[in-house]
Amino acid sequence: MIEIKNLEKSFGDNQVLKNITEVVKKGQVICVIGPSGSGKSTFLRCLNVLEKPSAGQIIFEGQELTNISEVELNKLRERMGMVFQSFNLFPNMDVINNVKLAPLKVKKDVEEEASQKAGQLLEQVGLADKAEQFPLSLSGGQQQRVAIARALAMDPEVMLFDEPTSALDPEMVGEVLKVMKDLAESGMTMIVVTHEMGFAKEVADQIWFMDEGYIQEKGAPDEFFANPKTSRAKEFLSKIL
Ligand code: ADP
Ligand code: MG
């Protein structure tokens, strides 16, 4: 589904991503882990070209993204949902309108269809009863679940998550991870930057360990967590586990 070829990204003199070549297959769940500053967010942002790569190619469903027009790029981004650490909901709109907005405006869905779908998505994330509330009246965990529903409303083919639970109080992390786990089990292709090692172990098909702009090591979670091969991965895991 996504081919990443010799991807590089620099900000001025700071080379943040170094020659990354990887493939994401349809239905795979990849968890990207690694220390702060290693380039994880930049990597995700390059995948949907929120950051323009300095070199290399991103090929999504056969289409090269690094050389296309803004118009085409916007179309492609609709096919990749993204969820950030900060939920970025529209505070002046109730929950259901947050979820319906992009399908109505961007996809030109009709009102009735958009409402029905938004209702289903809110049910999927366990928030059917919050449709008419405003985001700031919800807990962080609930807001993040709305943000997931909003991303799903565009029928994305892949979902990118950048530390979706890092800003949450501990007691709210589980409800968001549960929604993500259900989504993974439904067959969604997902790339998840996370520090939640329990989730990574349980849900990922592959772990990609990033450090200093490289994917230093990758593997099935059982193998990676039991027997990390590189000294960097060993050191990282010894600090966090
Ligand atoms: P991570 O998500 O793993 O913590 P990031 O991708 O956010 O890492 O950052 C990797 C490096 O890239 C850091 O040194 C950061 O300062 C730098 N960086 C990220 N975004 C920008 C930007 N927009 N401009 C300049 N430097 C950036
Ligand atoms: Mg980051």
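Our subject in this report is the structure included herewith. (Residues numbered from 1 in each chain as written. Chains lettered and ligands numbered in written order. Predicted model: local features only at pLDDT ≥ 70, side-chain atom pairs only at ≥ 80, totals over all residues. Heavy atoms only, no water.)

Bridge analysis of strand β1 (residues 2-11) against strand β2 (residues 14-24) gives seven bridges, and the strand direction is antiparallel. Within β2, the residue paired with E3 across the bridge is V23. Turn length for the β1-β2 hairpin, with the two strands adjacent in sequence and antiparallel, is two residues, and the turn residue G12 shows positive phi of about 60°. (Pairing = 2+ DSSP bridges. Helix = DSSP H or I, 4+ residues; strand = E, 2+ residues; numbered from the N terminus.)

A word on the nonpolar core. Of all hydrophobic cores here, the largest spans 49 residues; its most connected members are L122, I148, M159, F161, M180 and M190. It is helix α6 (residues 170-185) that provides the largest number of residues to this core, a total of eight residues. Among the nonpolar cores identified, the runner-up in size contains 30 residues, and V16, L65, I68 and M82 belong to it. (Core = buried A, V, L, I, M, F, W, Y, C linked by side-chain atoms within 4.5 Å. Buried < 20%, exposed > 50% of the residue type's maximum accessible area, 1.4 Å probe, protein only.)

As enumerated under the stated definition, the model contains 17 salt bridges in all. Residues D109 and K117 are paired through a salt bridge, measuring 3.8 Å at the closest nitrogen-oxygen approach. With its nearest N and O atoms 3.1 Å apart, the salt bridge here joins K117 to D155. Of this pair, K117 sits in helix α4 (residues 111-124) while D155 sits in the loop between α5 (140-152) and β7 (158-162), and the two are 38 residues apart along the sequence. In this structure D155 comes out as partly exposed when scored by relative accessible area, which is 45%. Because the salt bridges share partners, they merge into one network encompassing K107, D109, K117 and D155. (Salt bridge = Lys/Arg side-chain N within 4 Å of Asp/Glu carboxyl O.)

The next subject is the site of ligand 1. Near ligand 1, the surroundings consist of F11, N14, V16, P35, S36, G37, S38, G39, K40, S41, T42 and E51. G37 is positioned such that a nitrogen or oxygen atom in its backbone is 2.7 Å from an oxygen atom of ligand 1. Interatomic distance of 2.5 Å between a side-chain N/O atom of T42 and an oxygen atom of ligand 1. Contact with the protein chains hides 58% of the accessible area of ligand 1, taken as 560 Å² for the molecule alone. Mapped by element, the contributors of at least two residues to the shell around ligand 1 are β2 and α1 (40-47). Ranked by residues supplied to the shell around ligand 1, first place goes to α1 with three residues. (Near = heavy atom within 4 Å. Polar contact = N/O pair within 3.5 Å; in protein donor to acceptor, adjacent residues only side chain to side chain. Areas by Shrake-Rupley, 256 points an atom, 1.4 Å probe, with all protein chains shown as cover.)

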